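Summary of the model geometry
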Amino acid sequence: MSSPEPQFDPDFRQYDPIHPRGGTDWRAVLRRIWAPIAAAIGVAIKFGFVIFKFFGIFIAVAGYALIWGWKFAAGFVLLILVHELGHFFEAKRQGLDVSGPRFIPFLGAYVSIKNAPLNPWKNALVALAGPGLGGVGAAVCLLIGNAYDSDLLRALAYFGFLINLFNLIPIGILDGGAILRAMRIARYEPPPAYGEAALAGVPATIPGSGRGVALAIGTLYGLLIVLLALGMWVSHVPQHRL
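These notes cover the structure that comes with them. (Residues numbered from 1 in each chain as written. Predicted model: local features only at pLDDT ≥ 70, side-chain atom pairs only at ≥ 80, totals over all residues. Heavy atoms only, no water.)

1. Thoughts on the overall build of the protein
Within the protein one finds 8 helices and 4 strands. Listing every helix and strand of the protein by position from the N terminus yields α-α-α-β-β-β-β-α-α-α-α-α. Counting across all 242 residues of the protein, residues that qualify as buried make up 33%. Counted over contacts in the protein with a minimum sequence separation of 6, partners at least 24 positions apart contribute 63%. Counting every atom, the protein has about 16,400 Å² of accessible surface; 68% of that belongs to carbon and sulfur. (Helix = DSSP H or I, 4+ residues; strand = E, 2+ residues; numbered from the N terminus. Buried < 20%, exposed > 50% of the residue type's maximum accessible area, 1.4 Å probe, protein only. Contact = heavy atoms within 4.5 Å. Areas by Shrake-Rupley, 256 points an atom, 1.4 Å probe, with all protein chains shown as cover.)

Here it is, written out as structure tokens:
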């Protein structure tokens, strides 16, 4: 005959049941972080033109630094900026509605001009001003590099002359393409208006056009190409010296 198993009454006196919580109090979290978020939004609104227009320049420096080091990258992007400032200052001098330089990492930079009138001579000057001022910037790098015997600055000068010379290739959206279009428009100006068109005040020619203007544009274009190519030759640094 088996003996009965002892019975033990459970003792719950020391048991503290776990009460389920309602989850994260998101309102409290938002109250804590709202102040810095509001401050960041205020800064972005106030200085948005700087953030969005010039943020690309910092990305460009970082990207080029991965390839050539931060010193060369910063100088290279600065030379691109000088090139675009040439377009910007000439457009401003002509009273055009022009934007500030905007950077596209690994592709370059640009300025946009709104409602520019058809004037081959003035259009050509805007296009020439970029490589022109960019060449001046490269020449400054060369002079300082020779004065301090800096191969880094001489290399920057070489690439500065190179990128400005590349921009003078007469194709597509490059500066050379804009110069070639201006030269063609100036050369093939419309014939003088006669009869009713003349009485109606139709202009005989496009402002800033004419065969003499086309010749002047072509002369400046060719001279700038020669100077930039000469700058490349003078500033060339053999690879073993880098």
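2. Considerations on the pattern of salt bridges
With the rule as written, the count across this model stands at 3 salt bridges. The salt bridge partner of Arg154 is Asp149, with a shortest N-O separation of 2.7 Å. On the basis of relative accessible area, Arg154 is assigned to the buried category, the value being 8%. Overall, Asp149 belongs to the exposed group, its relative accessible area being 58%. Two residues, Asp151 and Arg154, come together in a salt bridge whose shortest N-O distance is 2.8 Å. Of this pair, Asp151 and Arg154 both sit in helix α5 (residues 151-166), separated by 3 residues, roughly a single helical turn. (Salt bridge = Lys/Arg side-chain N within 4 Å of Asp/Glu carboxyl O.)

3. Looking at the nonpolar core
Ranked by size, the top nonpolar core spans 30 residues in total, and within it Phe76, Ile80, Phe103, Phe161, Leu168, Ile179 and Ile217 carry the most contacts. Those elements giving two or more residues to this core turn out to be α3 (70-93), α4 (120-147), α5, α6 (175-187) and α8 (211-235). Setting aside chain neighbours within four positions, we find Leu168 in contact with Pro131, Gly176, Ile179, Tyr221, Leu224, Ile225 and Leu228. Of all hydrophobic cores here, the second largest spans 6 residues; its members include Phe88, Leu96, Val98 and Val111. (Core = buried A, V, L, I, M, F, W, Y, C linked by side-chain atoms within 4.5 Å.)

4. Remarks on the environment of Ala182
You can see Ala182 is positioned in helix α6. Using a relative accessible area of 4% as the deciding quantity, one classes Ala182 as buried. Sequence-distant contacts of Ala182, that is, excluding residues within four places in its chain, are made with Pro120, Ala124 and Ile217.

5. Overview of the environment of Gly95
Considering the arrangement of structural elements, one finds Gly95 in the loop between α3 and β1 (97-98). Taking the C-alpha atoms as reference points, Gly95 and Ala116, separated by 21 residues in sequence, lie 9.6 Å from one another.

6. A closer look at α8
For α8, with 25 residues, the first-to-last C-alpha span of 36 Å sits near the 36 Å given by 1.5 Å per residue. The elements touched by buried residues of α8 are α4, α5 and α6. (Expected span 1.5 Å × (residues − 1).)

7. Description of the packing of aromatic side chains
For the coordinates displayed, the defined rule picks out 4 aromatic pairs. Plain terms: the ring middles of Phe72 and Phe159 are 5.5 Å apart, the flat faces sit at 85° to each other, and that makes the pair edge-to-face. Here Phe159 lies in helix α5 and Phe72 lies in helix α3, a separation of 87 residues in the sequence. Overall, the relative accessible area of 8% leaves Phe72 in the buried class. According to the relative accessible area criterion, Phe159 is partly exposed, its value standing at 28%. Consider the rings of Phe88 and Phe89, whose centres lie 5.6 Å apart with planes at 65°: the pair is edge-to-face. Residue Phe88 is classed as buried on the basis of its relative accessible area of 17%. Taken together through their ring pairs, the aromatic side chains of Phe72, Phe76, Tyr158 and Phe159 make up a single cluster. (Phe/Tyr/Trp six-rings, centres within 6.5 Å; stacked < 30°, edge-to-face > 60°.)

8. Regarding the packing of α4 against α6
Following both chains from N to C, one finds α4 and α6 inclined at 160°, their axes separated by 9 Å at the closest point. Looking at the two axes, α4 sits roughly antiparallel to α6. Crossing geometry of α4 relative to α6 is assigned as left-handed. Between α4, through Pro120, Ala124, Ala127, Leu128 and Pro131, and α6, the contact on the second element is made entirely by Asp175, Ala178, Ile179, Ala182, Ile185 and Ala186. Along the lines of polarity and charge, the residues of the contact of α4 with α6 split into 10 nonpolar, no polar and 1 charged. (Axes fitted to C-alpha atoms, helices over the stretch in contact; angles between N-to-C directions. Parallel < 35°, antiparallel > 145°, perpendicular 65-115°, else oblique. Left-handed = near helix turned anticlockwise from the far one by under 90°. Nonpolar A, V, L, I, M, F, W, Y, C, P; charged D, E, K, R; others polar.)

Bear in mind that shape data such as this cannot, by itself, settle questions of function.
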